[in-house]
Amino acid sequence: MIIKKRFWGSEGQKRPLHALEDRRAQAGLHNVTRVNQKQKAPVYTHSTENCRATHYQVETKAATPSSPGADQSLKPQIAAPELAMNNPTLTTVALEKPFCVFDSSLHPNKSYFIYLYAMQESARSSLVTDGSSKPLDSTFQQTNGGQLGPYKAAAFHVPSCASPPRLVDAGDVSKVSDVLKQYLFRVGDDGTCLYDPNFLDVCNPPLAPDTTYRFKYVLIDNTEGIVKDQTLWSDPIKTRRVKLPLQIDTWPGRRSGAMIVITSILSVLLFLLLAGILAAVSSAVVRPESPPADTKCSPQTTQPSDPRPQLGSE
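Note that the structure is predicted; figures quoted are calculated from it, not measured. (Residues numbered from 1 in each chain as written. Predicted model: local features only at pLDDT ≥ 70, side-chain atom pairs only at ≥ 80, totals over all residues. Heavy atoms only, no water.)

Concerning the pairing of strand 6 (residues 151–156)
Then comes step 1: Judged by how many residues are buried, strand 6 sits mostly within the fold: 5 of 6 residues are covered.
Then comes step 2: Pairing of strand 5 (residues 112–120) with strand 6 involves 5 bridges; the strand directions are antiparallel. Paired with L116 across the strands is A154, a residue of strand 6. (Buried < 20%, exposed > 50% of the residue type's maximum accessible area, 1.4 Å probe, protein only. Helix = DSSP H or I, 4+ residues; strand = E, 2+ residues; numbered from the N terminus. Pairing = 2+ DSSP bridges.)

This is how it looks when you write it as structure tokens:
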């Protein structure tokens, strides 16, 4: 295995690959770097320990593209946070589509397609072609979710570099959905294709949580049915981890054991205080009122009058 690091620029002046084409800069696509194909690049050989550096290229005979001018210096890029929040999620990863990536490999009289391959970082194989440069049609089920090797997660038309989506329109509520669909692709966004016996398209099932994946874009010549060009495998991208209910912190800040005990005691005391207040109010309301002293009537005894007989005059 030979690992190469490329530089571009005038002779004697070495600069890393971080320049964009004018069309990509005007379109606002700043997350993918491109090599100037016309400039000769000196080659430097390094040990395999630096294999994970951003602009290193791993070359093997099986991974060499069929076209002599193919550009393998590009990688799929994870979507910017401004375009895809909470990315990646538990089961999905949003990637930027390859705008202006395969321009030098396109011919006007041919038809092309883009295949997106996905695999787990620990996969046994990373090849996406067979011995005759034909693309593999491995599915999610056949590769055990990418554990055995790459599987085809998507197939779509080559994005137009001449008329890319305007990222300015993402601020318009009525256009943001269409802009994001044109500019991004979300891996793992189809939760029903695995269980639908009538589904005939490319299945893009949910990814596994807390798992590291890599992705690759491949340019397919539909006329000849072969791989015309391909990018490098992306940097490792890990999906989020599932949190157990007991691990979810529902408080603004974490609480120690002593604070929990104190809070419980205060809650009990507050309950007793409220119960005492309610009992006092209830007893005051239920107690009968005694009549005032000045309104008491003293008992009066009435004696029957004894009528006296009137004495007549004698």
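This is not the end of the story, as more comes after the structure.
Focus: the environment of A123
Then comes step 1: Mapped onto the fold, A123 is located in the loop between strand 5 and strand 6.
Then comes step 2: Of the residues examined, A123 reaches a relative accessible area of 17% and is grouped as buried.
Then comes step 3: Between the C-alpha atom of A123 and that of Q147, which follows or precedes it by 24 residues, the distance is 4.7 Å.
Then comes step 4: When near neighbours in sequence (up to four residues on either side) are disregarded, A123 contacts G146, Q147, L148 and G149. (Contact = heavy atoms within 4.5 Å.)

A closer look at the state of the cysteines
Then comes step 1: Following the criterion strictly, the structure yields 2 disulfides and no others.
Then comes step 2: Sulfur-sulfur distance for the disulfide between C100 and C161 comes to 1.9 Å. Disulfide C100-C161: the torsion about the S-S bond is 95 degrees, which places it as right-handed. One end of the pair, C100, is in the loop between strand 4 (93–96) and strand 5; the other, C161, is in the loop between strand 6 and helix 2 (176–183), and 61 residues separate them in sequence.
Then comes step 3: For C100, a relative accessible area of 2% translates into the label buried.
Then comes step 4: Note on C161: relative accessible area 11%, which makes it buried. (Disulfide = S-S within 2.5 Å.)

With respect to the packing of aromatic side chains
Then comes step 1: Evaluated as defined, the whole model comprises 6 aromatic pairs.
Then comes step 2: For the ring pair F140 and Y151, a centre distance of 5.2 Å and an interplane angle of 90 degrees mean the geometry is edge-to-face. One end of the pair, F140, is in the loop between strand 5 and strand 6; the other, Y151, is in strand 6, and 11 residues separate them in sequence.
Then comes step 3: With a centroid separation of 6.4 Å and an interplanar angle of 20 degrees, the aromatic rings of Y213 and F215 are classed as stacked. A single burial state applies to Y213 and to F215, both of which are buried.
Then comes step 4: Members of the aromatic cluster, joined through ring pairs, are F156, F185 and Y217.
Then comes step 5: When the ring centre of Y115 is taken as origin, the NZ or CZ atom of K152, which lies over that ring, is 4.2 Å away. (Phe/Tyr/Trp six-rings, centres within 6.5 Å; stacked < 30°, edge-to-face > 60°. Lys NZ or Arg CZ within 6 Å of the ring centre and 35° of its normal.)

So, the pairing of strand 5
Then comes step 1: Most of strand 5 sits out of view: 8 of its 9 residues are buried.
Then comes step 2: Two elements, strand 5 and strand 8 (residues 212–221), share 9 bridges in a ladder whose sense is antiparallel. Looking at strand 8, one finds that F113 is bridged to I220.

Some thoughts on unusual backbone geometry
Then comes step 1: Cis geometry is adopted by the peptide bond preceding P88, which originates at N87 and carries an omega value of 0 degrees.
Then comes step 2: Its identity is not glycine, yet N86 carries a phi of approximately 55 degrees, on the positive side.
Then comes step 3: If you trace the backbone, N86 turns up in the loop between strand 3 (56–59) and strand 4.
Then comes step 4: When its relative accessible area of 57% is taken as the criterion, N86 is described as exposed.
Then comes step 5: Positive phi is not limited to glycine here, since S133 has a value of about 65 degrees.
Then comes step 6: A residue is classified by how much of its surface remains accessible, and S133, at 26% relative accessible area, is partly exposed.

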